[in-house]
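Residue strings, one per chain:
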Amino acid sequence: MTSTWAAPGRVNLIGEHVDYNDGLVLPFALPFVTRARVSTRSDDAVRVVSEDVGGVEFATAISPGEVEDWAAYVAGVVWSLQQRGATLPGLDIALSSNVPLGAGLSSSASLTCSVASAINDECSLGLDPRELADVSRVAENDFVGVPTGTMDQLASMLCESEHLLLLDCRSMETRSIPFAPAAANMTLLLIDSHARHSLVGSEYGDRRSDCEAAADDLGLESLRDATLEQVASLQDDRQRRRAHHVVSEIDRVQRVAAILDSGTPADIGAYLTASHESMRDDFEISCEELDVLVDAALDGGALGARMTGGGFGGCAVVLCRADDVESVTSRVESSYDAHGWQRPTIWTPQPAQGAHRLS
Ligand code: ADP
Ligand code: MG
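Residues numbered from 1 in each chain as written. Chains lettered and ligands numbered in written order. Predicted model: local features only at pLDDT ≥ 70, side-chain atom pairs only at ≥ 80, totals over all residues. Heavy atoms only, no water.

Enquirer: Help me out: how do you make sense of the nonpolar core in this one?
Expert: Within soluble globular proteins, side chains that are nonpolar generally end up buried alongside one another. The biggest cluster of nonpolar side chains holds 112 residues, and the ones touching the most others in it are Leu 13, Ile 93, Leu 105, Val 115, Ile 119, Leu 223 and Ile 268. Summarising the domain contributions, this core has at least three residues from each of domain 1 (2–178) and domain 2 (181–347). Discounting chain neighbours no more than four positions away, the residues touching Val 115 are Ala 36, Val 74, Val 77, Ile 93 and Leu 95. (Core = buried A, V, L, I, M, F, W, Y, C linked by side-chain atoms within 4.5 Å. Buried < 20%, exposed > 50% of the residue type's maximum accessible area, 1.4 Å probe, protein only. Domains from an automatic or database assignment. Contact = heavy atoms within 4.5 Å.)

Here it is as structure tokens:
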């Protein structure tokens, strides 16, 4: 028998660097997926082939450190499932993906979630989508060694087409919110800036410790509980700006969710742009390319624009009227041309379905 599953990448509409502050995020699944085809073997080998990437073989009894590079994501899932008590046979795993790798669109979660879902199905493990998201997070955190929250994996598992997923990172409750800009004559552009600045590792840790220190100073469990008045009382200038981003960003997510609940997507534009300014000025995780891109999109008539993802490169999301797509994209392209940069890649993704069985 064979089980084939697809799991999507994701983009976060708003709510950046708030997951580890117990905040709220609002991602949706992209129409880009990793497909994983899994069948069992009679020995204890795991053979993985990823189209256009390569092939690797390891034993089911695998430990962190024994498999590296891209195959660590797959070995990590096999290991993580066993950590939960699953007994696994040997496996043949075939992968193919149309998620851009390393662009901040979570090709890694789409990979781990597709593999976890297909093994769960093929081996009748009986894990539910939330458990599979957790298996995938543990694989990425503890086997690959990337400190992510659980947004990417939950989004890849739980998102619904034409909806955003409002995820409360404290309670882990989720709620799907309808989001179909085209129905309101609007378009959401997803734009890859092509910038990939390599400081992300240490900067991420620095932001986390600044936020923890700010919460500590306020005597709070996390910044989720802080008010802007409390933030203003922080003595340390950098901590105060970091905390201001987090507290105002959580508020923006709530406002955007409320606006979309009442069905007027045009009104979220100002919050997207405010989010970008907060990341640029207070959280300091933007970069020149993303700032140029966002400014150009707004000059071209966009209703709102912001960088999305961890920062220092990756993608931006831009909301505009359908009639303004042309002027927005040509303004973005000409600003890139003026800097002599390779033009950005522009998509118009519709919110897609989370992990699902193909065959
Ligand atoms: P992102 O998740 O934003 O795309 P990451 O750095 O977290 O960026 O993950 C990208 C990495 O995930 C790739 O460098 C590669 O190691 C692995 N990966 C993702 N998709 C595949 C795939 N289809 N085949 C092999 N490796 C993949
Ligand atoms: Mg990733």
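And the narrative resumes.
Enquirer: I keep staring at the sheet that holds strand β2 (residues 24–25) and nothing clicks. Help me out?
Expert: Where strands meet in a sheet, backbone hydrogen bonds hold them as pairs that are either parallel or antiparallel. Spatially, β2-β7-β8 is the arrangement adopted by the three strands of the open sheet, whose pairing is antiparallel. Every other strand in the sheet has two partners, leaving β2 and β8 (174–178) as the edge strands with one partner each. Relative to strand β7 (residues 163–168), β2 runs antiparallel, the two sharing two bridges. Looking at the pairing, Leu 24 lines up with Asp 168 of β7. Where helix α4 (residues 151–158) meets the sheet, it contacts β2, β7 and β8, and its direction lies at approximately 140° from that of β7. Relative to the sheet, helix α7 (residues 237–261) contacts β2, β7 and β8, its axis offset from that of β8 by approximately 50°. (Pairing = 2+ DSSP bridges. Helix = DSSP H or I, 4+ residues; strand = E, 2+ residues; numbered from the N terminus. Axes fitted to C-alpha atoms, helices over the stretch in contact; angles between N-to-C directions.)

Enquirer: I tried to follow the environment of Leu 319 on my own but got confused; where do I start?
Expert: Among the structural elements, Leu 319 can be located in strand β11 (residues 313–321). We classify Leu 319 as buried; its relative accessible area is 0%. Considered as a pair, Leu 319 and Asp 206 are 113 residues apart in the sequence and their alpha carbons are 31 Å apart. In this structure, Leu 319 is in contact with Met 186, Thr 187, Leu 188, Pro 265, Ala 266, Ile 268, Gly 269, Leu 272, Ala 302, Leu 303 and Gly 304, ignoring residues within four places of it in sequence.

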